[in-house]
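Examining the three-dimensional arrangement
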Amino acid sequence: MKLMFVIVSTDDANVVQKALIKEHFQATKISSTGGFLMKGNTTFLIGANDDKVERIIEIIGNHSRQRKKVIPNSIISEFGLLSSNPVEVTVGGATIFVLNVEAFHKL
Ligand code: 2BA
């Protein structure tokens, strides 16, 4: 058995959670904060049989892969709004740790 720590953007957390539930994978969702950006992200704790790990990674990748997004970027001067140029930013992505589980009890 494995314990997976999966850190995703909070923007992707709900779709990842729904996709895991749809395939009957149990997960615990924890609100977390990235140590570098100090921005909120979401960590899933997932206990799973060894043969399910690849499928779980696939599901997470399908719903949180890094991608480009175009967002409005307004330039504001002392005279007010000057222009609104869309800029491309990278969003999403997942960091996944897979650990061996020595024992698992449900009491
Ligand atoms: P990622 O590498 O995709 O990491 C996203 C989040 O995943 C991290 O948020 C952190 O919460 C978690 N994470 C990543 N690697 C980890 C590890 N080895 N152990 C535990 N948790 C881990 P942040 O720490 O806020 O980092 C956000 C993004 O900033 C990172 O994206 C990376 O692109 C960049 N970054 C992080 N540390 C950096 C550093 N020392 N120098 C330059 N860029 C850094």
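1. Quick notes on the overall build of the protein
Helix and strand counts for the protein stand at two helices and six strands. Along the chain direction, N to C, the helices and strands of the protein fall in the order β-α-β-β-α-β-β-β. By the burial criterion, 24% of the 107 residues in the protein qualify as buried. Within the protein, counting contacts between residues at least 6 apart in sequence, those at least 24 apart form 62% of the total. Accessible surface computed for the protein: about 7900 Å², of which carbon and sulfur atoms make up 55%.

2. Let's talk about the side chain of aspartate 12
Counting through the fold element by element, aspartate 12 comes out in helix H1 (residues 10–22). With a relative accessible area of 3%, aspartate 12 lands in the buried category. A polar side-chain atom of aspartate 12 sits 2.7 Å from a polar atom in the side chain of arginine 67. In this view, aspartate 12 contacts His63, Ser64, Arg67, Gly92 and Gly93; residues no more than four positions away in its chain are not counted.

3. Concerning the sheet that holds strand S3 (residues 40–48)
The four strands lie next to each other as S2-S3-S1-S6, forming an open sheet whose pairing is antiparallel. The open sheet terminates on both sides in strands that have one partner only, identified here as strand S2 (28–33) and strand S6 (94–100). Here the strands of the sheet are splayed against their neighbours by 20° on average, with no regard to which way each runs. Looking at chain direction, S2 and S3 are connected through six bridges and run antiparallel. Looking across to S3, one finds that lysine 29 is bridged to phenylalanine 44. Sheet contacts for H1: strand S1 (2–9), S2 and S3; angle to S3, the most-contacted strand, approximately 20°. Along the sheet face, helix H2 (residues 53–64) touches S1, S3 and S6 and points at about 5° away from the line of S1.

Thresholds, definitions, all that
Residues numbered from 1 in each chain as written. Predicted model: local features only at pLDDT ≥ 70, side-chain atom pairs only at ≥ 80, totals over all residues. Heavy atoms only, no water. Helix = DSSP H or I, 4+ residues; strand = E, 2+ residues; numbered from the N terminus. Buried < 20%, exposed > 50% of the residue type's maximum accessible area, 1.4 Å probe, protein only. Contact = heavy atoms within 4.5 Å. Areas by Shrake-Rupley, 256 points an atom, 1.4 Å probe, with all protein chains shown as cover. Polar contact = N/O pair within 3.5 Å; in protein donor to acceptor, adjacent residues only side chain to side chain. Pairing = 2+ DSSP bridges. Axes fitted to C-alpha atoms, helices over the stretch in contact; angles between N-to-C directions.

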